[in-house]
Amino acid sequence: MHLQYEDFEKIMDIGISLSTERDRNCLLMTILDKGMEITNCDASTLYLYENDGLKFQFMKTLSQGINRGSDGEPIDLPPVPMKEENVCSYAAIHREVVNIPDVYASSRFDFSGPRQYDGMTGYRTKSQLVVPLVNNENELIGVLQLINAMDEEGGLIAFHESYEIIIRALGAIAAIELTNLSYVEALKAQIYSFVEALTTALEKRTPYNALHTRNVEKYVSLLADYITELHKEGKCDRGFDPERKEQLMLAALIHDIGKMVVPLSIMNKATRLDTRLEKVDDRFALLRALYEIDMLRGRITGEEYEAVIKDLEAELAFVHEMDVIDRVSDENCERIKRLAGKQHVSEDGTALPYLTEKEAECLSIRSGTLTVKERKEMENHVVMTSKILEKVQFYKGFSMVPKWVGAHHEYMDGSGYPNGLNGDELDLETRLLTVVDIYDALVATDRPYKQPISRPRAIQILKDMAQRGKVDLQLVEWLDEALGAEAEDKA
């Protein structure tokens, strides 16, 4: 048998297919299947070199219908030790192709294992072609063991020596591609470790924000998987392949990294006044004492004192109410303004206002707990996220992460921040992050500044936002369906 042009063409085609494969298991299976196809053999085993031994990765025997390892389940066999009496280990140690015409007629290696297997199963192991998988740096990746070459009638024959060149070429190409995949996996691991480090730092600053990150990751995964299923059923145009979803999941984990620079006094502001309320309480206690002194010195009458104390108690109760109320009305804002204008004037002319200008501003916040300035500082976390990620060298598989993350507070109608982008400028991944981010903020049970709301109410709020052109209505509906399906599965 002599190598033909078609043989080299086949190797080139295999090399191209291997170079485009991004799934490690699929690449390994391709090596095994193509090796069997080229040599027309009945069985094969692929080992990976790990911990100074050869671990069984895949085993296949066509005549017996055996196909182990392809389903992702590990093969429960001990690894082959790196001893020269084992043919696979010898090939690995010496980086040498070994061609055995008939294992029963060979005394070169210890073939007691195949003979024992044959005795138990009735199989007849005859020829073997063992090829080390070595990359371009002479690093051992694994071993491909091909068993029982067959002629056109299916009879067992020896592997022709010309196959040694073809399979060695296949092994070299495969080893290089496996090494490249390992480099990519190492890059991914490095990026994920960076993200985990920053997430841990966020958690140390404020625990609820780390939980928010994990929740967003969970909901993003749920929604992406649901969309993928819809795509498989022909109900939507696009799904998420593993690479696209992996990139989306990293974006979910890293979307709030910019909050590292937001002051904790803003991040954890639980009420409108927050820690300022204690100062208001102390001031009102001082005002009460000052008015009592005024009464004792005859500056005010006993009746006037009783009236002013009653007013103080009412105003302080009003302050406490406004500190935590959901929404401050126009009428309440007017009363806060009048309260801020009240003051006690001592005999020497020293004036003590009931409220400072800052306290009045905080109490007048219509909804939420942040003033305009504080909200701008909070919103700036998106800008800071982008600036932080600009310093990170993402490999091409994660190149879209900074773009998606930097726009997750943009709205479809262009009213979001920081750049006022509109729907045509927002990728599906960005719109998905936005919907999930808002949903978790609404239902979160650990926010110091708000009470959680129910899932139906949160979805309705998102639908109302969609009707106003803020978020993607289809994504809101799919999130609702995905959450409903998950709840049914858990019931």
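The structure displayed is predicted, hence computed values, not measured ones.

Peer 1: Please provide a residue-by-residue account of the environment of Ala224, values included.
Peer 2: Tracing the sequence through the fold places Ala224 in helix α6 (residues 207-232). Linking Ala224 and Leu479, residues 255 residues apart in sequence, is a C-alpha distance of 9.2 Å. Beyond its immediate chain neighbours, meaning those up to four positions away, Ala224 contacts Phe240, Lys245 and Leu248.

Peer 1: How would you explain the packing of aromatic side chains if you had to name every residue and give the values?
Peer 2: According to the stated counting rule, one finds 6 aromatic pairs in the structure shown. Judged by centre distance (5.2 Å) and plane angle (65°), the ring pair of Tyr90 and Phe109 falls under edge-to-face. Here Phe109 lies in the loop between β5 (98-100) and α4 (112-121) and Tyr90 lies in helix α3 (residues 87-94), a separation of 19 residues in the sequence. Take Phe109: its relative accessible area is 7%, and that puts it in the buried class. An angle of 80° between the planes, with centres 6.2 Å apart, marks the rings of Phe109 and Phe111 as edge-to-face. Residue classification places Phe111 among the buried positions, given a relative accessible area of 3%. Among the aromatic side chains, those forming a connected cluster through ring pairs are Tyr90, Phe109 and Phe111. Against the face of Tyr104 rests Arg115, its NZ or CZ located 5.2 Å from the ring centre. Lying across the ring of Phe240, Arg244 places its NZ or CZ 4.1 Å from the centre.

Peer 1: So what's going on with unusual backbone geometry? Which residues, and what values?
Peer 2: What you tend to see is this: most non-glycine residues have negative phi, and most peptide bonds are trans. A cis geometry characterises the amide bond from Tyr417 onward to Pro418, with omega recorded as 10°. Notably, Asp274 is not glycine yet its phi reads approximately 55°, a positive angle. Tracing the backbone shows Asp274 in the loop between α8 (264-267) and α9 (276-296). By relative accessible area, which is 25% here, Asp274 ends up partly exposed.

Peer 1: Which residues make up the side chain of Asp256, and what are the values?
Peer 2: On the secondary structure map, Asp256 appears in the loop between α7 (242-254) and α8. Residue Asp256 is classed as buried on the basis of its relative accessible area, which comes to 2%.

Peer 1: Summarise the packing of helix α15 (residues 428-443) against helix α17 (residues 473-490); cite the residues concerned and give the values.
Peer 2: The interhelical angle for the contact between α15 and α17, taken along N-to-C directions, is 60°, at an axis separation of 10 Å. In this view, α15 runs oblique relative to α17, as classed from their interaxial angle. Between α15 and α17 lies a crossing of right-handed hand. Only Leu475, Val476, Leu479 and Leu483 of α17 make contact with α15, whose side of the interface consists of Leu428, Arg431, Leu432, Val435 and Tyr439. Class assignment for the residues of the contact of α15 with α17 results in 8 nonpolar, no polar and 1 charged.

What counts as what
- Residues numbered from 1 in each chain as written.
- Predicted model: local features only at pLDDT ≥ 70, side-chain atom pairs only at ≥ 80, totals over all residues.
- Heavy atoms only, no water.
- Helix = DSSP H or I, 4+ residues; strand = E, 2+ residues; numbered from the N terminus.
- Contact = heavy atoms within 4.5 Å.
- Phe/Tyr/Trp six-rings, centres within 6.5 Å; stacked < 30°, edge-to-face > 60°.
- Buried < 20%, exposed > 50% of the residue type's maximum accessible area, 1.4 Å probe, protein only.
- Lys NZ or Arg CZ within 6 Å of the ring centre and 35° of its normal.
- Axes fitted to C-alpha atoms, helices over the stretch in contact; angles between N-to-C directions.
- Parallel < 35°, antiparallel > 145°, perpendicular 65-115°, else oblique.
- Left-handed = near helix turned anticlockwise from the far one by under 90°.
- Nonpolar A, V, L, I, M, F, W, Y, C, P; charged D, E, K, R; others polar.

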